[in-house]
Amino acid sequence: MRGARATGRALLVLAVLVSGYVAAGARPDESGRGPLTLATAGDLTGYLEPLLSGWNRAHPGERVTLVELPNSTDETREQMETDLRGAGRGRFDVLNIDVDWTSQFAAAGWIRPLPRERFPLDTFLRPVVDTATYEGRLYAVPYVTNAGLLLYRKDVLAEEGLPPPRTWAELERDARTVAPRHGLDGYAGQMLPYEGLTVNAAEAVYSTGGSILGDEGRRVTVDSAAAREGIGFLVRGVREGWIPRESLTYTEEESKQAFKDGRLLFLRNWPYAYVAADSAGSAVAGRVGAVRLPGPDGPGTSVLGGSNLAVTAHTRHPDSAKRLIDYLTSEPVQREVLTLGALPPVRAALYDDPALVRRFPYLPVLRDAVLSAAPRPKSPRYDQVSLVVQAVVHDALTGRQSPDDAVRRLATELAAVTRR
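Everything quoted here is computed from the prediction, not taken from an experiment.

Peer 1: Kindly report on the environment of Trp 270, identifying the contributing residues and their values.
Peer 2: Within the secondary structure layout, Trp 270 lies in the loop between strand 11 (264–269) and helix 11 (271–277). When neighbours within four sequence positions are excluded, Trp 270 is seen to be in contact with Asn 146, Ala 147, Gly 148, Val 199, Glu 252, Val 303 and Gly 305. Reaching out from Trp 270, the side chain makes a polar contact with the side chain of Glu 252 at a distance of 3.2 Å.

Peer 1: Mind laying out the packing of aromatic side chains, listing which residues take part and the relevant values?
Peer 2: All chains considered together, the criterion is met by seven aromatic pairs. Judged by centre distance (5.3 Å) and plane angle (75°), the rings of Phe 105 and Trp 110 are edge-to-face. Summarising the burial analysis for this pair, Phe 105 and Trp 110 share the class buried. Between Phe 360 and Tyr 362, the ring centres sit 6.1 Å apart and the planes meet at 75°, which makes this aromatic pair edge-to-face. Since its relative accessible area comes to 6%, Phe 360 is described here as buried. Given the relative accessible area of 3%, Tyr 362 is considered buried. Through successive ring pairs, a cluster of aromatic residues spans Trp 101, Phe 105 and Trp 110.

Peer 1: Just give me the short version of the nonpolar core, but keep the residues and values in it.
Peer 2: In terms of nonpolar packing, the biggest core is built from 75 residues, with Leu 95, Phe 105, Tyr 143 and Tyr 362 touching the most fellow members. In contact with Tyr 362, not counting residues within four places along its chain, are Leu 149, Pro 271, Tyr 274, Val 275, Ala 290, Leu 338 and Ala 342. Leu 197, Val 205, Val 388 and Leu 397 belong to the second largest nonpolar core, which has 51 residues in total.

The rules behind these values
- Numbering of residues starts from 1 in each chain and follows the order in which that chain's sequence is written.
- It should be noted that, the model being predicted, local features are given only for residues of pLDDT at least 70 and side-chain atom pairs only at 80 or more, the latter also being counted only at that level, while totals for whole chains, interfaces and linings use all residues.
- For side-chain calculations, the full set of non-hydrogen atoms in the structure is used, while hydrogens and water are omitted.
- Under the DSSP-based scheme used, a helix requires at least four consecutive residues in state H or I and a strand at least two consecutive residues in state E, with every element numbered from the N terminus.
- Only heavy atoms matter for contacts: two residues are in contact if any of them lie within 4.5 Å across the pair.
- Identification of polar contacts relies on pairs of N or O atoms within 3.5 Å, with a donor-acceptor requirement for protein atoms, meaning one able to donate a hydrogen and the other able to accept it, and with residues adjacent in sequence counted only if both atoms are side-chain atoms.
- For Phe, Tyr and Trp, rings pair up if their centres lie within 6.5 Å, where Trp contributes its six-membered ring, and each pair is then called stacked (planes under 30 degrees apart), edge-to-face (over 60) or tilted (otherwise).
- Whether a residue is buried, partly exposed or exposed follows from its accessible area with a 1.4 Å probe, protein chains only, as a fraction of its type maximum: under 20%, in between, or over 50%, in that order.
- For this analysis, a nonpolar core means a set of buried residues of the types Ala, Val, Leu, Ile, Met, Phe, Trp, Tyr and Cys, connected via side-chain atoms within 4.5 Å.

Geometric values such as these leave the question of function open.
What follows is the structure, encoded as structure tokens:
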């Protein structure tokens, strides 16, 4: 009873305080402008604070507070989802989300549709815009892009008189024969069962002309000869040893370090790994090359990576949120995204800038990879789709299932996800 009386008094005091606040005219800015909170995964290079400082100096009434979530993709998504699912207004106004979360967040009603005409989408690399749409509507704006590249030891291939591989057969031959002659492991990607394995598996399937889902995640398309060939290529590599078994424990970071330490001839990774491997302190600095990922008969298909900026459904300052996105995707800021953060910009013109190409020589290759890349399977249940792909493909890589059985199991389990 005493607790009930105390609660009643507290509520009365709160009501008086709120009524006094409203009477004084201290209401939220009804223009849709005001302070913002931007949530992102951990900023490993520390480039974001300087960019946001420029915004804050120019817009003191719309200051942005940066919230860095754990660098783990899964943990970042979980914390964002917790905030977005909460009753009332959450902490975040603008989200820097992985490109494959756009469909899921849009279908859940957590992010707002955006007017296409508000943003200069025609100045972006063409494929990146598709990652920001769901059911034909724009729900986010591309911020950075990415595509997997094949990094290689150009000194080793030059000594052997070989060009970098363009096909799977050439990659397999060099990984099997050239690498051991130089005391190296052959080829590695990211094959720990996490989001990186979904990407590696999807690239193998896409490169053979296959697919995983269609119709915005409503149709399962993975049960095909192309998918069996793609998964089979990776399984054969592990079984025969030119993909080291250690790669089954690799994320982006471990695989980057293995290449940087001079232990690999070939590595599939994102462009940031090229920057790290070719920098001072790396055992292979000055000896790194990059080409598009190989495929069965020529260059393969990368999965489109990167992140998009989205406005949360519960923000009280939607106009400021859109203005911040305008700023972060402007050409001058996009240039700094590359030069300060080593992150690939979405503005197409920057890939032809001679000064940038001299500093980042992989840019022309990356542009070609992005233009031919494909998004991860679109689905409002993408997190569940990815978990299925990771589990099934990892079982195939460890020899628990044949590629044929793995593809059949993928089709069955993905069908169950799409029916939920």
